[in-house]
Amino acid sequence: MKAKMTRVPVREQDPKVRATNFDEVCYGYNAEEAQAEASRCINCKNPKCVTQCPVSIKIPQFIEQVKLGNYVEAAHIIAEDSSLPAVCGRVCPQESQCEGVCILGIKGEPVAIGKLERFVADWSRKNGIKCTEKAPSNGIKVAIVGSGPAGLACASDLAKLGYEVTIFEVLHKAGGVLQYGIPEFRLPKEEVVEAEIDNVRALGVKIETNVVVGRTITIDELFDKENFKAVFIGSGAGLPKFMGIPGENLNGVFSANEFLTRSNLMGAYSGETDTPIYTGTKVAVVGGGNVAMDAARTALRLGADTTIVYRRTEKELPARVEEVHHAKEEGIDFRMLTNPVEILGNEKGWVTGLKCIQMELGEPDESGRRRPVPIAGSEFDIETDVVIMALGTSPNPLIANTTAGLDTDRYGCIVADDLGSTSRTGVFAGGDAVTGAATVILAMGAGRKAAAAIDEYLKK
Amino acid sequence: MYKIVKKEFLTPIICLMDVEAPRMAAAAQPGQFLIVRAREQGERIPLTICDYDKDKGTVTIVTQIVGASSRLICHLEEGDSFTDLVGPLGIPSEFVNWKEEEFVGKRFLFVAGGLGTAPVYPQVKYLHSKGAHVDVIMGARNRDLLIFEKEMGAVCDNLYICTDDGSKGEKGLVTNIIDRIMAEGKTYDHAVAIGPMIMMKFTTLTMKKYNVPLTVSLNTIMVDGTGMCGACRVTVGGKTRFACVEGPEFDAYQVDFDEAMRRQSMYREFEIEADHKCKIGLHE
């Protein structure tokens, strides 16, 4: 049978309606749609999709089970390699990973692997399927710093192997970026994030919130006082970057981290919590990554006229195509080849505008992208009440500064090899704390590799 | 978790609490702060760590009712628990790294404004226990904002008290006392000022005349308090610094206080509205 060239379309909330609420944008497949889409998979002998998945999910096998309607079996196949399928099915950049190498993508559309993964995860959650098979406890304690994607992935794998795992989380809720960073309309918190974290807990993983490793307890104390035999640091990205232009400390200038943390972690978007959030009537978001899209789409939903300002062209936007597409549909204004040079304020110190300069693309830089160059004399002002800087983060120095012998690179990232080993014996690291800001799935991949390395190390 | 084992109103609007937090009590040092949430929908509120008891596993916090969130905190009773309590946060005061002999013969002046007495107390206690000479000036708008006179008196060499309205101690500002005692010939190796931003600003201007190194502790707006959000950024020596992870203590002479005061007022309108709603709720 010849495979269909186009995928089963996925239902989404109407852009005009969703621009005014925080409900999930994408509805996902129902069973019928999932089976139809699954039947497009030609079950390659040498599946490239698996090699491109940072956590190596057995993609053709689980899709085969979806095709047959064996969703429980599909869920168990995914659970062998991922503890966060409902999360990854929603936020992974599949287009540049599994789906990017799907054979069907050569002549038509690749199999919607992400949407199928999400279907299986959502179906099993709604039907109470638990995938908590694990080895008997070996009594060996492993500590994990940070309950984001890296830490959760590492913890799950170690718990399955029988280790006694405790995750220490600095915030009051577990999940890291899944909790404070990614908005409800892309990743529902209670229904999806908390449910998947509960699955990790069901493997026996303890999560202790409100613990600042480096301050409440140091890495050395974890070994010496609390008898942990290995530590994995998955503390994530750190301090938000600013541009260093005049006016950045005016009232109304926020990092995307602050804006999103207020909205997501603190629940300010709902209007039902004590934490305030300020948008004014016009918001300008500086940056072009997924975080910029999330901040802009949040501001829009809070009622602000929202503009994204980016110094290169749309082609270079680092955000996922799907996110850019959704943002545009919802009515966000994109100003490309535009770079802020100053933030303007009034006599009371509040933002009134953003002075920008027009850019053009010059010669390629070290990243291979054409370098944006300012056009002399092309300055212009954008009127705005709020400026949100979504420019990435630099590493948080806290753990490195309080852990003797833990090497960092010149940017301040913890130095770790491919398997997560650091300069300190028994201390492993992975995710954004090592690489700088990246994706959920790359952090999970690093967490899994480190889990295998920790197992090797502790078996010696 | 985080059970309130002792609660006491020090004045009609300032409340002291001892809270169970064994890990934090074991790790806390002078100069550090914590973050508290009073309820599930609550804000993360940074408060200074006023004292800690490593044996009992408790930390002491002092809260002044200034708005909705502090009102909620002060309405919790003994036996109730905080939803969340995290810390210690921030870099401890520099002198905690000193060797024993370095304290001998050192003369410190602490200037505490209102609730700033709370974070000053553990620092004074620490220095006193190490044998340093410590003088303390405590100032407040009126007697209802003065706390810890007895406790402070027990751990310092000279205690000066003043209020704006003269309801306790001398009538006047902390800066008046600084000028007076400096004129009397007092000398100090180091001074520390903690209190409202405006009080720290004027203390800084006053101390500058006497060429005494001065440290201030900045109570900026914070969300996570761990370096993630950048809400706490302040300009120090012309550079943007994060008070939560690079502070809260900075060289006073380098701080842009006018900017810090402006930034601190960013959510004032929200706070007034929230406090209004909160009072309605509590009266019902």
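Chains are numbered independently. Their residues run from 1 in the order of the written sequence. Whichever chain is written first becomes A and whichever ligand is written first becomes 1, with later ones labelled in order. Reporting of local features is limited, given that this is a predicted model, to residues whose pLDDT is at least 70; pairs of side-chain atoms are given and counted only at 80 or more, and all residues count toward the totals for whole chains, interfaces and linings.

Participant: Provide a residue-level description of the overall build of chain A, including the pertinent values.
Facilitator: Under the scheme used here, helices are H or I runs from DSSP no shorter than 4 residues and strands are E runs no shorter than 2 residues, and both carry numbers assigned from the N terminus. Of the regular secondary structure elements, chain A holds 18 helices and 16 strands. In terms of C-alpha radius of gyration, chain A reaches 23 Å, essentially the compact-globule figure of 23 Å for 460 residues. Expressed along its principal axes, the backbone C-alpha trace of chain A runs to roughly 65 × 60 × 50 Å. Looking at chain A residue by residue over its 460 residues, the buried ones come to 54%. Contact criterion: two residues are in contact if their C-beta atoms, reconstructed from the backbone, are within 7 Å. Here the contacts in chain A between residues at least 6 apart in sequence split such that 69% fall between residues at least 24 apart. In this setup the radius of gyration rests on C-alpha atoms only. A globule is expected at 2.2 Å times the number of residues raised to 0.38. Using C-beta atoms placed from the backbone, we call a residue buried if 20 or more other C-beta atoms fall within 10 Å of its own, exposed if 12 or fewer do, and partly exposed for counts in between.

Participant: Tell me about the overall build of chain B, residues and numbers included.
Facilitator: Helix and strand content of chain B: 10 helices and 16 strands. Against the globule reference of 19 Å for 284 residues, chain B gives a C-alpha radius of gyration of 18 Å, in line with a compact fold. Here the C-alpha coordinates of chain B stretch approximately 55 × 40 × 40 Å along the principal axes. Looking at the 284 residues of chain B, the share that counts as buried comes to 49%. Sequence-distant contacts in chain B: of pairs separated by 6 or more residues, those separated by 24 or more amount to 65%.

Participant: Give a detailed account of the environment of A:Glu133, specifying residues and quantitative values.
Facilitator: Mapped onto the secondary structure, A:Glu133 falls in the loop between helix H8 (113–126) and strand E1 (141–145). When the C-alpha positions of A:Glu133 and A:Cys44 are compared, they lie 29 Å apart, and in sequence the two are 89 residues distant.

Participant: An account of the pairing of strand E2 (residues 14–20) of chain B is requested, with residue identities and associated values reported.
Facilitator: Burial analysis of E2(B) places five of its seven residues in the buried class, the great majority of the element. Strands are labelled as partners when DSSP assigns at least two bridges between them. Once strand E1 (residues 4–11) of chain B ends, the chain turns through two residues before running back antiparallel as E2(B).

Participant: Report on the environment of A:Val205, specifying residues and quantitative values.
Facilitator: All names here are of chain A. Inspection of the secondary structure assignment puts Val205 in the loop between helix H11 (189–202) and strand E3 (206–208). Sequence separation of Val205 and Phe168 is 37 residues, and the distance between their C-alpha atoms is 11 Å. Residue contacts for Val205: discarding those within four places in its chain leaves Ala155, Ala159, Val165, Ile167 and Val200.

Participant: Any details on unusual backbone geometry? Residues and values, ideally.
Facilitator: The step from B:Gly87 to B:Pro88 runs through a cis peptide bond, and the omega angle for that step is -5°. With respect to the element layout, B:Pro88 can be found in strand E7 (residues 84–89). Residue B:Pro248 follows B:Gly247 across a cis peptide bond; omega there is 10°. Its identity is not glycine, yet A:Asn43 carries a phi of approximately 50°, on the positive side. Mapping A:Asn43 onto the fold places it in the loop between helix H2 (31–38) and helix H3 (48–52). A:Asn43 gets classed as exposed once you count the C-beta atoms within 10 Å, which come to 11. A positive phi angle is found at B:Phe148, which is not glycine, with a value near 65°. As for its position among the elements, B:Phe148 is in the loop between strand E9 (133–140) and helix H5 (149–155). On the basis of neighbour counts, which here come to 23 C-beta atoms within 10 Å, the residue B:Phe148 falls in the buried class.

Participant: Quick one: what's the story with the sheet that holds strand E11 (residues 170–171) of chain B, residue by residue and with numbers?
Facilitator: Residues and elements named next belong to chain B. The sheet built from seven strands is open, its strands ordered E11-E10-E9-E8-E12-E13-E16 with mixed pairing. Across the chains shown, the open sheet's two edge strands, defined by having one partner strand only, are E11 and strand E16 (249–251). In the sheet, strand E8 (residues 107–113) pairs with strand E12 (residues 190–194) via five bridges, with the strands oriented parallel. By the bridge assignment, Leu109 is partnered in E12 with Ala191.

Participant: Report on the nonpolar core, specifying residues and quantitative values.
Facilitator: We define a nonpolar core as a collection of buried residues of the types Ala, Val, Leu, Ile, Met, Phe, Trp, Tyr and Cys that are connected via C-beta atoms lying within 7 Å of each other. Counting 228 residues, the largest nonpolar core has A:Val120, A:Val285, A:Ala295, A:Ile388 and B:Leu34 as the members making the most contacts within it. A total of 10 residues in this core trace back to one element, the largest contributor, which is helix H18 (residues 440–459) of chain A.

Participant: Can you tell me about the confidence of the model for chain B, naming the residues and giving the values?
Facilitator: Looking at chain B, pLDDT values average 93 and 96% of them are 70 or higher. Overall fold confidence for the complex sits at a pTM of 0.94, while the interface term, ipTM, reaches 0.93. A residue's pLDDT is the confidence the predictor assigns to it, expressed on a 0 to 100 scale.

Participant: Quick one: what's the story with H11(A), residue by residue and with numbers?
Facilitator: All names here are of chain A. Helices are assigned an expected span. That span is 1.5 Å times one less than the residue count. Taking 1.5 Å as the rise per residue, H11 with 14 residues should run 20 Å; its terminal C-alpha atoms sit 18 Å apart, in good agreement. Most pronounced at Ala195, the bend in H11 amounts to some 25°. Residues of H11 that are buried sit in contact with helix H6 (85–91), helix H9 (149–160) and helix H10 (177–180). The positive-phi residue at the C-terminal boundary of H11 is Gly204, with phi of around 100°. Note that the bend at a residue is defined as the angle between axes fitted to the seven residues ending at it and the seven residues starting at it.

Participant: Just give me the short version of the environment of A:Gly28, but keep the residues and values in it.
Facilitator: All names here are of chain A. Along the polypeptide, Gly28 turns up in the loop between helix H1 (15–18) and H2. Taking C-alpha positions, Gly28 is 6.4 Å from Lys115, a pair spaced 87 residues apart along the chain. In this view, Gly28 contacts Val10, Lys115, Arg118, Phe119 and Asp122; residues no more than four positions away in its chain are not counted.

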